[in-house]
Structures are given as structure tokens and as C-alpha cells.
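Here's the letter readout for the chains.
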Amino acid sequence: MAEFQLNINSKLVKVEAPAEEPLLSVLRNRLDLTGTKYGCGEGQCGACTVLLDGRATRSCLTPISAAASARIVTIEGLADSGSLSAVQKAFVEEGALQCGYCTSGMIVAATALLRRIPKPSDDQIVEAMNGNICRCGTYPRILEAIRHASQHSTSGGSQ
Amino acid sequence: MSHACDFATALPDSESHRLPAVERSATCQVNRRTFLKGLSAGLLVVLTPTPSWSQESGRAPGSHDLPQDIEAWLHIAQDGKVQVFTGKVEVGQNIRTSLAQLVAEELRVPFDSITMIMGDTDLVPWDAGTFGSRTTPTMGPQLRNMAAAAREALLEIAAHQWKVDVASLSVAEGKVTNPATSLSLSYGELTRGEKLFKVVPDDPALTPVALWKIAGASVPKAAGRDFVTGRHKYPSDISRPGMMFGAVLRPDGFDATLASIDTASAEKLPGVKVVRDGSFIGVVALDAFAAQRALSAIQAKWTLPPQPSNSGIFEFLKTHPDASDASTPHVSGSVSEAWSQADLKLEAQYTVEYIAHAPLEPRAAVAEWNDGKLTVWTGTQRPFGVRDELMQAFNLSQAQVRVIHPDMGSGYGGKHTGEAAIEAARLARAAGKPVKVVWSRTEEFTWAYFRPAGLIEIKAAARRDGTLTAWEFHNYNSGPAAIGTPYMVPNQLIQFHPSRSPLRQGSYRGLASTANHFARESHMDAIAHAAAIDPLKFRLQNLSDPRLRAVLQASADKFGWAKMKSTPERGFGIACGVDKGGYVATCAEVEIEPRTKKVRIRRVTQAWESGTVVNPDGLRNQLAGAIVQGIGGALFERILFFGGRIQNPRFAQYRVPRFSDTPAIEIVLLDRKDLPSAGAGETGLVGLAPAVGNAIFAATGVRMRSMPMAPGSALNHETSPVYRS
């Protein structure tokens, strides 16, 4: 066990955990930030995606020691004082979810994409999002929501 | 375990005489749901048990006692807020929204005044579970009746108070109004802070579909905001004070026996407790990471018996019948006679492999014991079934077990059972603390159950002009749903043959219907080609059912079927079917890379009809999702197993559909407001595989007879068609 100071959603949080414990486990089980989901534990499904210094990162494969120096943003940190981000709004408006379990990871991954490429082509969206699995099969609506968010926000999906 | 007449005693005697719609029940028994006593004043709408209610479809657990208590369905509080109680669960199919729409419509209240209480065994009436596309056709009318009865009761109370005729009053937006006096009373004012109690009549006046305002509209998903902000708590997100984390030691394979075990080093880890209970071995720890570490510190050796593998599985299923589950064939006319006289004969075998549901949220449960009472939060399609499992596992009474279902990360038929619930409860009992168990992806892929593999054999005969004369259809192991043919064939022999499956198998979204449609619609396509008749024309020629003809035509029209000409690189296919009250027709366009034989589905057009549409947007979402999910089983999903072990229990090894596999999808909804609503969760899946297989044939001349058709992206084994004419 070691003590880490994490910068999560613009707040400094102290947490004790083994250095090799995945960030996902720390977020969910030690900090009760359960918006980030477990889906596979091997970086194949994207349910655990968080932003690490703005980059979409699989928290299931990131040990806490590697996240300690980064700015971490989780799904809980995307809405700006209660007001939904452009991507979150677009997901609601397009009805781009069914069970919603993949939604956090999808929204975080799309947010990172739109920060990097504010007006992505469909091919760029598919390439960036292909590591995120939706078993309910809502891909067409998620694609539409990301297009929608990119059109309605000059700053892409930023908060 | 009954409390006599809690509601009746709550009803003030002095008031009851002036409320004609509100009855006292002298015989009521309230079993276990003492919570109802705690509800605020208002109107509680209940149903006394009727035989029809308990006959709801599906496999009701054998040990279940029919409900002998009063079942409460609806409560209207003084502030006008409405609580609706149902044992159905929300798993992404959007019934939390669509059922609330139906209630809001009948009750004449705003949609957002309704809270659905779902799948909590202490709070809701018993229910067999959420499967078989049954929610919309059974729970929909049930809740409409309750809401309509409540509306009638409120009208009667108002009429009595104003001393006017009920028929002179109008009701809207949670208020009863007397147009003559312009006076109005809200539902809360009408109930005046009293606990009122209404038993529904058999036939409350339902609102005609043509007048629907809230039902039938694309109301957005209830609490949609909670899902995009991460606030919604799924079963695996539940946390309890003092909660510990558990993990279970899994055998090395199926039917393994423990040869030796050493738990000493696991037990030395700080805060770790190893729990042994018969053949059950698990650990609890202060955190999830420590629990996993403790588990890997256990040294166990297992002995595995020899067992079947993928190789030869279809032969195995055919030669290992399950006599305990034998079914009788459907026979009409004489297939053998028609066969001997036919111009055109076609005989073939079709196969489907075992596949996994792989819901993105694996099985999860949190269990807590308090004074001998067990409460479990878990993801399941059968909360009452899981309650029964827990009662049995721990020898508890109904009143001692409560199962709560937080809307889960889906199931697709894969979460009928309570494995994680029992494991968490066992560990929690041993630890004396609440315990959470979340299955790993590998556990979910291995220790859940699978969609059955199946073998289907078809013999079909037709006249030279394409008129079907004989249809013989045998399904081994996959299942009997939609096994019949919707086409006009005078001579039929159709039979399901259950097998002794080597893998644990169970329900799946559109389970046997998918296999039976794949086989039948592929075979129909083959006959059409053998008779040199356009596949759409051939189907219509042999089809009288107007609803199926309508979706077939609608799909073909929207797709532009008549103009599509297949080439070796691009094929067009069509298929149709009906199951569970849903009519579907699917057209697919596939692209085949000539050298590598890689297949990509480029475009899918699907027409759908399931009676009256309750929420068009939600229905489109379900149908598009079904198509995408269907791509997996059609092209590449299959469980590989050998020697009692699953060989591909990870997403890196078991390919599921992704963004890059998704075609352009067009949905055509036929809204039949003159017909009752059927369910739409499953049958939207069944047209995709045969449409794709038929498109592949149109391009390549190779008939696809095995699902998945292109594992590893390229076309599966080539089989030459067996034409006999």
C-alpha cells in the first residue's frame, strides 16, 4: 500500500492503494466513482475509458502509479456545474443508448476525439471509437450523436 | 406470513360510506409487503389474484406459489406523484419509459409524474421474469387496466363530492374538472390525504389508441441524464456501509473435481478471509484488488473428465437425444408422398454454434444479511426466480429474502439465473459484512450459460412453377420457437429434437427463432434459385399471411429490391419471418472482397410490424440494435471449447460487432393501430442472418449453411448445394 495524490475532475484526492492496482479499481472501489465501468479488464471494450491529460485512456490497464501525475477526468467530471457537455447532450438528444453501460466510455472517448479533431469524418469517428463495444448495438446512433456534437460545438466536445 | 387487511383498517370507517368506488376488502391478505403500509396517503390500486395472471408465459419456477395476497400496482400520492409497481425489469429495452407512457396515458397525468418501481421483490407483484418479448403484450395491458381503473375511481369520487353525474366530468393533467362550473380538483385533493384502496373491475374503459397523446409518442428515455453523467447505479455499482469484496475460486474446467488445495498463503494476506462451504471456495477482502490477489494465491489442482468439443458437435447433438424433453412432431398431409411426386427437391443441413451473450456488465451482486433477513442487489431478468434460488440455497422463507434489481447492463436472455447473488450471499454470511461479487469477463464467458448450438435438417419440394408442396424440418437442440413455416405448404413434418448439450445452455435473445429462420429462409432462397424465380416473388407466391406480406413488400420497396443486381463483389439478399407477434422482413447488401473472401455488410433495410407502436423511437432503437447484435452471430461469434474449457473467453478472442462492422441501417415501421401491441425485443434479430447468407449466395453462388458464416472475417467453409430435380 502506498499513498497517492490524484487530480480527479479538478479535485485533489488522497488515496491508499498498491502501486500496481488499476486506476479503474481505485476509482470504482476506493473512491466510489462508479460512472467508469468494468467490461473486460484487458483494454478491449472501452467501458473504463477516462481522460488522462485529455487523452482517452483505458483505466483498467493503467496502474494508479502511472496516473498519479496526470489530470484525470472521468464521466462524472464532464458536466460543467450541472450543465451537460456537448457530447452528453447529443447522446441524450439522439437517444444514443439502450442499457447505457457502455455510455460513459463512449462519451469520454468521443470527448477526447472531438478535442483532437473538432470536425471528424465518419471514418475518423469509426477509427477512434472502434475500441469501444456496445453490446446493445447502438453504434449508428452513437455515430450520429458524435456528428451532432461536432456540429453544435466549435470547441468539439469540451466542457 | 399474512397481515390481515392492512389497507382496509387504514380506511376510515366514517368516510368509507361516501366513496362508492372505494371498497373495503374483508378477505384481503397482505403477504410480506408491509411496505405498503408506509406509503403516503393517496389512492392505491390493486388487483385480487386471478388465475389468468399467473399464467403469464415462460418457465415459471416450479416451486412458485401462486400469489394469494393483494397485488398492488399503482399508488397516487397526495402530491399527485404516481408510483407504478411491476416485476418486469429494465435492461435497455426501454420499458421503464414505454410502460410509464401507457400509465400516464390512461391516468391522464404528465409522463414525468410517474416513477416505475421495478424488479424489487419486496415492493412489486410477483412476476415470472422479463423474457420472451412479453412485457409489452402482457404488462402493458395490465398496467393500462390499473391506470384506467384509478382514473374511473377518481372520477367517481369527484362526482360524488360535487353531486353530479360522472359522465359530465372531464379529466386531464392529473385533475378532474366539471366543465359546467369550471371547478377542478387535483388527484391529490380528491384523495384528501386519506388512504384509499380500489380493486379493479374486469373491464375498465381503456383509451382508444386513436386518442393517445403520450403513449404512441417518442418520449425520451426516462432518466436519460443519469446515464450520460455516470450517476445511474448499475448492480455492479452498488455500495453498502462496511461492504467487503468477494471472489470465487473457479474450477479448471467443466465438471472438474478438486484434487488438492492449499489456501495457506491466501489466508496470510492482511484482511483476507478464505471461505469454504462444501464445494464452494471463495475469498473476501477489504478491497476488490486484494480479493483477486488472494484468489490467485490459492493453489488448487483439478481433475477433468473427458468431454466433447466443437469438433463433431452437431453429430453429437443429433445422436444424444434428451428423452426427458421429447416433443411431438407437427404433421399435415404426407411429406413422403409429395416428395416422391415433386418436380423440384432440395435437402440440406444447417448449423448454428454455441454463442455467448457477453452483456457488457457481467454478473454482479451485493448481499447483506440483517437479523436473518437477506437483501441482494443483483442484475437479473428474473428477480423472483433469483429470490427462489436464494431461499433454496439458504433455507429461507420468502419473507427473509429480498432481491432488488437496479437497471442493469443488459442480459439478452443471459441473466435468468442468480449465481453471483448466491455467491455474494454465501460470502456475506461468512464475513458477517455486506459483500460485493462482480464476475470477471472470463468468468462471464465461461460460467454463465450459452445460446444452444443446433443442427437443422430440411427437405423441401416444389412444383416447377415454384409452388411449395412439401416441407420437412428437424431442429436438433436449438429449440422450437418459430419452428413452423409461415408459407403455405400442404404437406408438413416439423419436429424439435432436444439433445443432451455438453455445454450449459439457456435463453438468448431470439434464441431458436434465429436458427430456425436462418435455416428456413436460406432454404427458401435456395429453392427460389433452383426454380429460377426471384426470391421476393417466390416468397410472396407461397405466402398468404397479409401481415408478413406487408413487411416483405415494405422492406423490398424501401431497399429498392427490384433494381438491385448482384455481382461477384456485391450481393443482395432478402428474408422474412414472424415470431412472438412481431413481423419482420430484412434486405441486406453485402460486399465480398474477391481475393480474400472478406465479407462486409454495407446496408440493411428492415421493415417491422408488431401492432400498435407504443414508442416509435424506442422501437427503432431496439430494431437497429437487434440488427447489429445479429451481425455477431451471423458472421463471426462462436464459442470454442475443448476438454471442458472455453478457449476464447475474452473479447480479444471472441469477436463481437463493433463500429466498423455496422452497416447503414434503415428501419421501416408499420404502425397497426388496429392491432394490440406485441413485444419487439427479440424478433428484430432473426431476419439479418438469412438475408446476409442469401446476399452472399447471390454474389458468389456459395450457399451459407453454418452460422457464423465468416469467422475471422472471411467466408466459412464452402459447401456445394444439393439440388435434386
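Note that this is a predicted model, so its numbers are computed, not measured. (Residues numbered from 1 in each chain as written. Chains lettered and ligands numbered in written order. Predicted model: local features only at pLDDT ≥ 70, side-chain atom pairs only at ≥ 80, totals over all residues.)

### Quick word on the overall build of chain A
Argument step 1. Each helix and strand counted, chain A has six helices and five strands in total.
Argument step 2. Walking chain A from its N terminus toward its C terminus, one meets helices and strands in the order β-β-α-β-β-α-β-α-α-α-α.
Argument step 3. Its C-alpha atoms give chain A a radius of gyration of 15 Å, within 12% of the compact-globule value 15 Å for 159 residues.
Argument step 4. Principal-axis analysis of the C-alpha atoms gives chain A an extent of 45 × 30 × 25 Å.
Argument step 5. A burial count over chain A gives 58% of its 159 residues as buried.
Argument step 6. Within chain A, contacts between residues separated by at least 24 positions form 62% of all contacts whose residues are at least 6 apart in sequence. (Helix = DSSP H or I, 4+ residues; strand = E, 2+ residues; numbered from the N terminus. Rg over C-alpha atoms; globule rule 2.2 N^0.38 Å. Buried ≥ 20, exposed ≤ 12 C-beta atoms within 10 Å, placed from the backbone. Contact = placed C-beta atoms within 7 Å.)

### Digging into the domain arrangement of chain B
Residue and element names in this part refer to chain B.
Argument step 1. Split into domains, chain B comes out as domain 1 (2-224), domain 2 (235-304 + 363-438) and domain 3 (313-355 + 450-724).
Argument step 2. The straight-line distance from the C-alpha centre of domain 2 to that of domain 3 is 39 Å.
Argument step 3. With nine residues of domain 2 at the contact, the number on the domain 3 side is eight residues.
Argument step 4. Tallied by class, residues from the side of domain 2 that touches domain 3 come to four nonpolar, four polar and one charged. (Domains from an automatic or database assignment. Nonpolar A, V, L, I, M, F, W, Y, C, P; charged D, E, K, R; others polar.)

### Comments concerning the interface of chain A and chain B
Argument step 1. Across the contact, 46 residues belong to chain A and 48 residues belong to chain B.
Argument step 2. Elements represented by at least two residues in the side of chain A that touches chain B include exactly α1 (23-30), α3 (86-94), α4 (103-116), α5 (122-129) and α6 (139-151) of chain A.
Argument step 3. At four residues, the largest contribution of residues to the side of chain A that touches chain B is made by α6 of chain A.
Argument step 4. For the side of chain A that touches chain B, the residue count by class is 22 nonpolar, 17 polar and seven charged.

### Some words on the environment of Val437 of chain B
Residue and element names in this part refer to chain B.
Argument step 1. Relative to the assigned elements, Val437 resides in strand β21 (residues 435-438).
Argument step 2. Along the sequence, Val437 and Glu589 sit 152 residues apart, while their C-alpha atoms lie 44 Å from each other.
Argument step 3. Apart from the residues within four sequence positions on either side, Val437 is in contact with Gly246, Val248, Ala364, Ala365, Ala420, Glu423, Ala424 and Leu427.

### Re the packing of helix α5 (residues 95-107) of chain B against helix α6 (residues 135-162) of chain B
Packed helix pairs are specified by the crossing angle of their axes together with the interaxial distance, meaning the distance between the axes.
Residues and elements named next belong to chain B.
Argument step 1. Two elements in contact, α5 and α6, have axes separated by 8 Å at closest approach and are oriented at 30°. It follows that α5 is roughly parallel to α6 by the angle criterion. At the point where α5 passes α6, the crossing takes the right-handed sense. Between α5 and α6, the residues in contact are Ile95, Ser98, Leu99, Leu102, Val103, Glu106 and Leu107 and Thr135, Thr136, Met139, Gly140, Leu143, Arg144, Ala147, Ala148, Ala150 and Arg151, respectively.
Argument step 2. Here the contact of α5 with α6 is composed, by residue class, of 10 nonpolar, four polar and three charged. (Axes fitted to C-alpha atoms, helices over the stretch in contact; angles between N-to-C directions. Parallel < 35°, antiparallel > 145°, perpendicular 65-115°, else oblique. Left-handed = near helix turned anticlockwise from the far one by under 90°.)

### A short note on the sheet that holds strand β26 (residues 582-592) of chain B
All names here are of chain B.
Argument step 1. Strand order in this open sheet of four strands is β25-β26-β27-β30, and the pairing throughout is mixed. At either margin of the open sheet sits one strand with a lone partner, and together these are β25 (570-579) and β30 (664-669). Looking at each pair of strands side by side, their axes are set apart by 15° on average, direction ignored.
Argument step 2. Bridge analysis of strand β27 (residues 599-609) against β30 gives six bridges, and the strand direction is parallel. If you follow Trp608 over to β30, its bridge partner there is Leu669.
Argument step 3. Of the strands in this sheet, β25, β26, β27 and β30 are in contact with helix α18 (residues 546-559), which crosses β27 at around 135°. (Pairing = 2+ DSSP bridges.)

### Things to note about the domain arrangement of chain A
Accessible area lost upon the coming together of the parts serves often as the stated size of an interface.
Residue and element names in this part refer to chain A.
Argument step 1. Per the domain assignment, the segments making up chain A are domain 1 (2-77) and domain 2 (86-151).
Argument step 2. Placing a centre on the C-alpha atoms of domain 1 and another on those of domain 2 gives a separation of 21 Å.
Argument step 3. Counting from both sides, the interface comprises 15 residues of domain 1 and, opposite them, 13 residues of domain 2.
Argument step 4. Breaking the side of domain 1 that touches domain 2 down by element, the ones donating at least two residues are β3 (49-52) and β4 (55-58).
Argument step 5. Class assignment of the residues belonging to the side of domain 1 that touches domain 2 gives a composition of seven nonpolar, six polar and two charged.

### Structural notes on the environment of Lys433 of chain B
All names here are of chain B.
Argument step 1. The residue Lys433 is located in the loop between α14 (419-431) and β21 in this model.
Argument step 2. Considering only alpha carbons, one finds Lys433 and Ile298, 135 residues apart in sequence, at a separation of 22 Å.
Argument step 3. Residue contacts for Lys433: discarding those within four places in its chain leaves Gly242, Met243, Met244 and Ala428.

### Remarks on the confidence of the model for chain A
Argument step 1. Averaged over every residue, the pLDDT of chain A is 95; residues scoring 70 or more account for 96%.
Argument step 2. Across residues 155-159 of chain A the pLDDT falls below 50, and counting only partners more than four positions away or on other chains, this stretch makes 16 contacts in the model. (pLDDT = per-residue confidence, 0-100.)

### Let's talk about the packing of helix α13 (residues 383-394) of chain B against α14 of chain B
All names here are of chain B.
Argument step 1. Two elements in contact, α13 and α14, have axes whose closest approach is 9 Å; the angle formed by their N-to-C orientations is 40°. Considering their axes alone, α13 and α14 lie oblique with respect to each other. α13 and α14 meet at a crossing whose hand is right-handed. Contacts between α13 and α14 involve Val386, Glu389, Leu390, Ala393 and Phe394 on the former and, on the latter, Ala421, Ile422 and Ala425.
Argument step 2. Here the contact of α13 with α14 is built from residues that sort into seven nonpolar, no polar and one charged.

### Description of the sheet that holds strand β7 (residues 170-172) of chain B
Residue and element names in this part refer to chain B.
Argument step 1. Spatially, the three strands line up as an open sheet ordered β7-β8-β9, and their pairing is antiparallel. Two strands close off the open sheet at either side, each with one partner strand: β7 and β9 (183-186). Each neighbouring strand pair of the sheet contributes to a mean axis angle of 25°, computed without reference to strand direction.
Argument step 2. Along the sheet, α6 makes contact with β7, β8 (175-178) and β9, crossing β8 at roughly 40°.

### Details of unusual backbone geometry
All names here are of chain B.
Argument step 1. Cis geometry marks the peptide bond from Met707 to Pro708, where omega comes out at 0°.
Argument step 2. Positive phi values are uncommon outside glycine, yet Asp371 reaches one of about 50°.
Argument step 3. On the secondary structure map, Asp371 appears in the loop between β18 (364-370) and β19 (373-378).
Argument step 4. With 5 C-beta atoms counted inside 10 Å, the residue Asp371 sits in the exposed group.

### Structural notes on the environment of Val438 of chain B
Argument step 1. Position of Val438 of chain B among the secondary structure elements: in strand β21.
Argument step 2. Here the alpha-carbon distance between Val438 of chain B and Thr351 of chain B, two residues 87 residues apart in the chain, equals 34 Å.
Argument step 3. When near neighbours in sequence (up to four residues on either side) are disregarded, Val438 of chain B contacts Tyr38 of chain A together with Ser236, Pro362 and Ala364 of chain B.

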